[in-house]
Amino acid sequence: MSFKKIYKKQQVPEWSDAYLTYDILNRILVPFREVNLLVPDKDLIMSNIKNTNIKIDIPDELKNRVFLLEEQFYHIFEDQINKISQFYEIQLSILKQQITELQNVEKDEHKKSLKLIYNRAKKLGQYIKLNIQAANKLISKYEEYTKFIDTTSSHLKEQIERQNFMTDKELKQIKEDIEVAYKETQWSIRDLKKSKSKSQPQIYLFGIYLGVVLFLIANIAYQRIDIQESNIQNDQLYFPMYMCIGWILIYFWFLSLTIYVWRKFYINYQAIFLLKNTIESEFAIMSKTAGYSIMYLFMLVLALQIEQNTYADQKQLMYHSPLGGLFFFKTALGPMIMWCLILAELFNPIKILDFKGRMQFLKIQIKTISGIFINNIILWNQEQWLSLSLFLKYFYFTIYFYVLYFSNDETDEESKIQIDYKNIGGFIFMIIPIIYSLYFSIRVGLYKNIDMRKKIHNINKNIFVLMIVIIGFITSSGYVYLMSVPIAIYVSYIDIKYEWNLLQPESTNKFLRDRLAYPIYYYYFSIFIDVILRTVWLYTLVHNLISFNLLYIFGALEMFRRFIHNVIFVESEHIIHIGEFKAVPDILLEQNDPLLLKQKSFFERIRAGQNIDNFIKQKAHSIQNMLDGLDKSNISTKMV
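One structure accompanies this document, and this report is about it.

### Thoughts on the environment of isoleucine 372
Topologically, isoleucine 372 is positioned in the loop between α15 (355-370) and α16 (376-387). Each C-alpha atom, one on isoleucine 372 and one on phenylalanine 440, is 9.8 Å from the other, the two residues being 68 residues apart in sequence. Once residues within four sequence positions are removed from consideration, isoleucine 372 is found in contact with Lys367 and Arg443.

Below, the structure is given as structure tokens:
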């Protein structure tokens, strides 16, 4: 990868204007290199043009322009170094003020604030290091292309070396002070210093988790094909319960991936959702979900093999699974064991395993169910439950099964338990999130100050979905399935237009919007996928005769669609309500703080001067065009 790309990639996003303008200065140096190549005698290069004892047959106009460009390069370089120095001093002042304000912070927030301030100090150190690398690279190119007789290049080096940021003493002292404060609170200094990116052992552990999960999934897929072909009756009882748990685990896999994407692109989801306590990191959620997934998949593999053995014994077939005979395991109890483990952790009152995060999660669920509260996190959570409509349907059947199972005296006669999956109870559980969605859309329409078209579309969307699902439950006519397609496309249009704020006709990014956080191709891919998967989602809600294998896949695809929706929806909210994508938040300081106003004024001055830099870049380009038109064979050098 070229240095230019590395330089751009490693920049702190909100500080991008404060970095040295490497691209412009590098572009100005190109004509010097070309003049150097045009001179036949390699010892007679740019510096010799100034020597009155040597004459080079290069047009006077070109010489004058090159000399002028040389002066402008020096002045721009000097201005850029001064800009870096000014920004460094402003950031040092902000860091000192933040440390001063720490004494007013509550104990619960003290650790988090210390880590954020330390992270800012680290980012500032990286900012200085990257700028020094860029400056040294430009000076090296300058010396190579010009080799001036005077000491201009040494002047450039002196310009950098006399700056305060070269010694970095104050910044180092600030870091040391934060480390001392961190130690005094009995917290691990390793926790403070660790990089934002996860260590290699954690990545390897995650890889092992994923490898085991994928192996078990492959094993299950193979067995599911055998069971479907054999038409094992008990499969209709057990697999839907396992499928229900599987959807929840898949949802949390995608949730952890969603948080990872938000953090990678500096989407401030905590400010949007007003989260007081940080819910576990994406890797913590992934690791926990991976642990549950391995237990779940192992139980499912075992249950499937036991069912195959039982079926083979009943039919007197020559089939026996070795794993199914190793363990004494009641197939019907597998889902119950998993739910007990999940609920035990969720409702565990002991202050371990991210107690604050769990309590916050439960409060959000209770507030959503109550229907009294309404804010961003409640509305977002209600949308998550909409994707879990199928889960609720089969969760009802799980409860229904265990009621029959434990009320049956002959528990060994499990095959006598019969479940009708068109039961009205399962249907009611399935439409609860849709009714809630309609209720919240009406409340938002009444009380929230939003676009009238958005209000109407959101209400219509939920009415149409509820209507088609009810009709699908009453009748299995093929016309119902055909009607679900345009409704699904309409719902997808509302997602894309009003939830993601895309499809803006005057946008510089075709069919999207002007400001984007992610690569542009991700949005086009998401639009295409959302239309297809919305159709699949509505089809599964309407259709009652889908095979369980296909239903499991369709449910998993809805979790994937929800992941895509969450990633873009919160990014859109960030742009509307927060604006900038900040890797370094300005904590502990008010918006009208003099230091933050000074920082704001600094960036405004830089942006106002960018037109001048681009003008000089264009002048360098015009000189390049002149050089391209010169014939090297007509250029000669001679002593006067």
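The structure having been displayed, the exposition proceeds.
### Here's the deal with the packing of aromatic side chains
Within the structure shown, the criterion is met by 48 aromatic pairs. Taken together, a centroid distance of 4.9 Å and an interplanar angle of 90° make the contact between phenylalanine 265 and tyrosine 518 edge-to-face. Of this pair, phenylalanine 265 sits in the loop between α10 (235-264) and α11 (269-273) while tyrosine 518 sits in the loop between α20 (478-499) and α21 (520-542); the two residues are 253 residues apart in sequence, bridging distant segments of the chain. For phenylalanine 265, a relative accessible area of 25% puts it in the partly exposed group. Chaining the aromatic ring pairs together yields one cluster made of Phe3, Tyr7, Trp15, Tyr19, Tyr22, Phe87, Tyr127, Phe602 and Phe603. Residue placement shows lysine 137 over the ring face of phenylalanine 3; its charged tip is 5.5 Å from the ring centre.

### Some thoughts on the packing of helix α19 (residues 452-474) against α20
For the pair α19 and α20, the least separation of the axes is 10 Å and the interaxial angle reads 155°. Here α20 runs roughly antiparallel to α19, going by the angle between their axes. The way α19 lies across α20 gives a crossing that is left-handed. Only Val480, Met483, Ser484, Ile487, Tyr490, Val491, Ile494, Tyr498 and Glu499 of α20 make contact with α19, whose side of the interface consists of Arg453, Lys454, His457, Asn458, Asn460, Lys461, Phe464, Val465, Met467, Ile468, Ile471 and Gly472. Considered class by class, the residues forming the contact of α19 with α20 number twelve nonpolar, five polar and four charged.

### Examining a nonpolar patch on the surface
The grouping of Ile463, Phe464, Met467 and Met483 at the surface amounts to a nonpolar patch, some 320 Å² of accessible area in total. Tallying contributions element by element places α19 first for the nonpolar patch, with three residues. Residue isoleucine 463 is classed as partly exposed on the basis of its relative accessible area, which comes to 38%.

### Comments concerning the nonpolar core
In this structure, Tyr394 and Val469 are the most contacted members of the largest nonpolar core, which totals 98 residues. Top contributing element to this core by residue count: α10, with 17 residues. Leave out the neighbours within four places in its chain, and tyrosine 394 touches Pro240, Met243, Cys244, Trp247, Tyr421, Phe548 and Leu551. One finds Ala18, Leu171, Leu595 and Phe602 within the second-largest nonpolar core, a separate group that totals 56 residues.

### Things to note about helix α18 (residues 424-447)
Compared with an ideal rise of 1.5 Å per residue, which puts 24 residues at 34 Å, α18 spans 34 Å between its outermost C-alpha atoms and is within 8% of the ideal. Along α18, the helix axis deviates most sharply at isoleucine 431, where the bend reaches about 35°; the proline proline 433 sits within four residues downstream. The N-capping residue of α18, defined by a side-chain oxygen 2.6 Å from the backbone nitrogen of glycine 425, is asparagine 423.

### Description of the pattern of salt bridges
Applying the stated criterion to the full structure yields ten salt bridges. Where lysine 4 meets aspartate 23, a salt bridge forms, and the shortest distance between an N and an O atom there is 3.1 Å. Here the residue lysine 4 occupies a position in helix α1 (residues 3-9), and aspartate 23 occupies one in helix α2 (residues 22-38), the gap between them amounting to 19 residues. For aspartate 23, a relative accessible area of 31% translates into the label partly exposed. Glutamate 383 is paired through a salt bridge with arginine 562; the nearest N and O atoms lie 3.5 Å apart. You can see glutamate 383 sitting in helix α16 and its partner arginine 562 sitting in helix α22 (residues 548-577), a full 179 residues away along the chain.

Definitions and limits used
- Residues numbered from 1 in each chain as written.
- Predicted model: local features only at pLDDT ≥ 70, side-chain atom pairs only at ≥ 80, totals over all residues.
- Heavy atoms only, no water.
- Helix = DSSP H or I, 4+ residues; strand = E, 2+ residues; numbered from the N terminus.
- Contact = heavy atoms within 4.5 Å.
- Phe/Tyr/Trp six-rings, centres within 6.5 Å; stacked < 30°, edge-to-face > 60°.
- Buried < 20%, exposed > 50% of the residue type's maximum accessible area, 1.4 Å probe, protein only.
- Lys NZ or Arg CZ within 6 Å of the ring centre and 35° of its normal.
- Axes fitted to C-alpha atoms, helices over the stretch in contact; angles between N-to-C directions.
- Parallel < 35°, antiparallel > 145°, perpendicular 65-115°, else oblique.
- Left-handed = near helix turned anticlockwise from the far one by under 90°.
- Nonpolar A, V, L, I, M, F, W, Y, C, P; charged D, E, K, R; others polar.
- Patch = residues over 30% accessible without salt bridge, like charges linked within 9 Å, V, L, I, M, F, W, Y side chains within 5 Å.
- Areas by Shrake-Rupley, 256 points an atom, 1.4 Å probe, with all protein chains shown as cover.
- Salt bridge = Lys/Arg side-chain N within 4 Å of Asp/Glu carboxyl O.
- Core = buried A, V, L, I, M, F, W, Y, C linked by side-chain atoms within 4.5 Å.
- Expected span 1.5 Å × (residues − 1).
- Bend = angle between axes of the 7 residues up to and from the residue.
- Polar contact = N/O pair within 3.5 Å; in protein donor to acceptor, adjacent residues only side chain to side chain.

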